[in-house]
Amino acid sequence: MSGVTSVDGPAARPDAQAGGAPAPQPAPAGAPADWPAGQQPGPAWPAGQQPDGAWPAGQQPDAAWPPPGAYPVAEPDRLTRFVMRVYDRSPRWAVPLAALGCVGLGVAYALLSDPTRAAPDAAPSCLLKLTTGLDCPGCGGTRALWYVLHGDVPAAARHHFLFVFALPFLTYLFVAWAGKQAFGWRLPEPQISSKLIGGFLALWLVFSVARNLPWAPFTSLYV
């Protein structure tokens, strides 16, 4: 005899149906009854990812959208739609030009008003200083700008040291941003972290308190 074959034949696979097709894998314990057809996970569901019996919130396949209790999306008002249309249709240099115009208006006001010769209570005046006599965090900034525009940096620092210190950095950031928006320039942009911004704001706060202390040497900061 050349060989003997088993009468019973090979054992059938437990996951096979009639005709040799694999049987569908059962849904994992706790899965919803209407689990999408063909997406039932096999028994080797990743550890820690077994469903807990409910779909994630907002992802129920048969639930109405938006789900009950959800806030409807508000439609933009006419002014917002108008601004967005103007922004979409405007050239890319329009926003930097508008920002430059705002800066130009501030510079023109400093030059025309000459705050170094105005009385302390001349209008418009800082409301905090007018009512309390204390220097606010920005007191002296307009006078410092006037002196910077006239090339007198020591006098500008005398009126607002932190403004003069931050002015070169702010100018470079504005030029880098405006050049990129308007002309596609790729100037190196410094990476300013939230810690650096927080530290500068804390220093500004300390400076604002120190310049109002009524004894030397802090009295030299009073403007």
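Residues numbered from 1 in each chain as written. Predicted model: local features only at pLDDT ≥ 70, side-chain atom pairs only at ≥ 80, totals over all residues. Heavy atoms only, no water.

Brief notes about the overall build of the chain
Step number 1: Helices and strands together make up the secondary structure of the chain, namely seven helices and zero strands.
Step number 2: Order of helices (α) and strands (β) in the chain, N terminus to C terminus: α-α-α-α-α-α-α.
Step number 3: Burial statistics for the chain: of 223 residues in total, 17% are counted as buried.
Step number 4: Taken as a whole, the chain presents about 16900 Å² of accessible surface, with 67% of it coming from carbon and sulfur. (Helix = DSSP H or I, 4+ residues; strand = E, 2+ residues; numbered from the N terminus. Buried < 20%, exposed > 50% of the residue type's maximum accessible area, 1.4 Å probe, protein only. Areas by Shrake-Rupley, 256 points an atom, 1.4 Å probe, with all protein chains shown as cover.)

Considerations on the pattern of salt bridges
Step number 1: One pass over the structure, following the stated rule, counts one salt bridge.
Step number 2: Here D135 makes a salt bridge to R211, at a shortest N to O gap of 3.9 Å. On the criterion of sequence distance, the pair formed by D135 in the loop between α3 (127–132) and α4 (141–149) and R211 in the segment after α7 (194–210) is long-range, its members being 76 residues apart. (Salt bridge = Lys/Arg side-chain N within 4 Å of Asp/Glu carboxyl O.)

What to know about the state of the cysteines
Step number 1: For the coordinates displayed, the defined rule picks out zero disulfides.
Step number 2: With no disulfide of its own, C136 lies 3.4 Å from the sulfur of C139, the closest cysteine sulfur.
Step number 3: We classify C136 as buried; its relative accessible area is 15%. (Disulfide = S-S within 2.5 Å.)

Observations regarding the packing of α4 against helix α6 (residues 161–183)
Step number 1: Where α4 contacts α6, the axes come no closer than 9 Å and their chain directions differ by 55°. Viewed along their axes, α4 and α6 adopt a mutual orientation that is oblique. Considering how the two elements wind past one another, α4 and α6 form a crossing that is right-handed. Contacts from G141, A144, L145 and V148 in α4 reach F163, V164 and L167 in α6.
Step number 2: Residue composition of the contact of α4 with α6, by class: six nonpolar, one polar and no charged. (Axes fitted to C-alpha atoms, helices over the stretch in contact; angles between N-to-C directions. Parallel < 35°, antiparallel > 145°, perpendicular 65-115°, else oblique. Left-handed = near helix turned anticlockwise from the far one by under 90°. Contact = heavy atoms within 4.5 Å. Nonpolar A, V, L, I, M, F, W, Y, C, P; charged D, E, K, R; others polar.)

Here's the deal with the packing of aromatic side chains
Step number 1: Going through the model one piece at a time under the given rule, you end up with six aromatic pairs.
Step number 2: Ring geometry for F161 against F165: centres 6.4 Å apart, planes inclined by 20°, an arrangement best described as stacked. Note that F161 and F165 are positioned in helix α6 at a spacing of four residues, about one turn of the helix.
Step number 3: The partly exposed category is assigned to F161, whose relative accessible area is 47%.
Step number 4: Here F174 and W177 contribute two aromatic rings whose centre-to-centre distance is 6.0 Å and whose plane-to-plane angle is 45°, an arrangement assigned as tilted. Here W177 and F174 lie together in helix α6, a separation of three residues that amounts to about one turn.
Step number 5: Taking the relative accessible area as the measure of exposure, F174 reaches 25% and is therefore partly exposed.
Step number 6: W177 gets classed as partly exposed once you look at its relative accessible area, which sits at 33%.
Step number 7: Among the aromatic residues, those joined into a ring-pair cluster are F161, F165 and F169. (Phe/Tyr/Trp six-rings, centres within 6.5 Å; stacked < 30°, edge-to-face > 60°.)

Things to note about the confidence of the model for the chain
Regions with low pLDDT carry predicted coordinates that are not meant to be interpreted in detail.
Step number 1: Confidence in the prediction of the chain, expressed as mean pLDDT, is 74, and 65% of residues score 70 or more.
Step number 2: Confidence drops under pLDDT 50 across residues 1–7; counting only partners more than four residues distant or on other chains, this segment forms zero contacts. (pLDDT = per-residue confidence, 0-100.)

Some thoughts on the nonpolar core
Step number 1: Formed by A144, W146, Y147, A155, A156 and V164, the largest nonpolar core amounts to six residues.
Step number 2: If one sorts the elements of this core by residue count, α4 sits on top with three residues.
Step number 3: Those residues in contact with V164, other than ones at most four positions away along the chain, are A144, V148, V153, A156 and A157. (Core = buried A, V, L, I, M, F, W, Y, C linked by side-chain atoms within 4.5 Å.)

A few points about the side chain of H160
Step number 1: For H160, the location among the structural elements is in the loop between α5 (153–159) and α6.
Step number 2: Classification of H160 as buried rests on a relative accessible area of 1%.
Step number 3: Separated by 2.7 Å, the side chain of H160 and the backbone oxygen of P137 make a polar contact.
Step number 4: Setting aside chain neighbours within four positions, we find H160 in contact with P137, G138, C139, G140, G141, A144, W204, F207 and R211. (Polar contact = N/O pair within 3.5 Å; in protein donor to acceptor, adjacent residues only side chain to side chain.)

Here we look at the environment of F218
Step number 1: Summarising the element assignment, F218 is placed in the segment after α7.
Step number 2: The sequence separation of F218 and F207 amounts to 11 residues, and the corresponding C-alpha distance is 9.7 Å.
Step number 3: Discounting residues that sit within four places of it in the chain, F218 has contacts with A210, R211 and L213.

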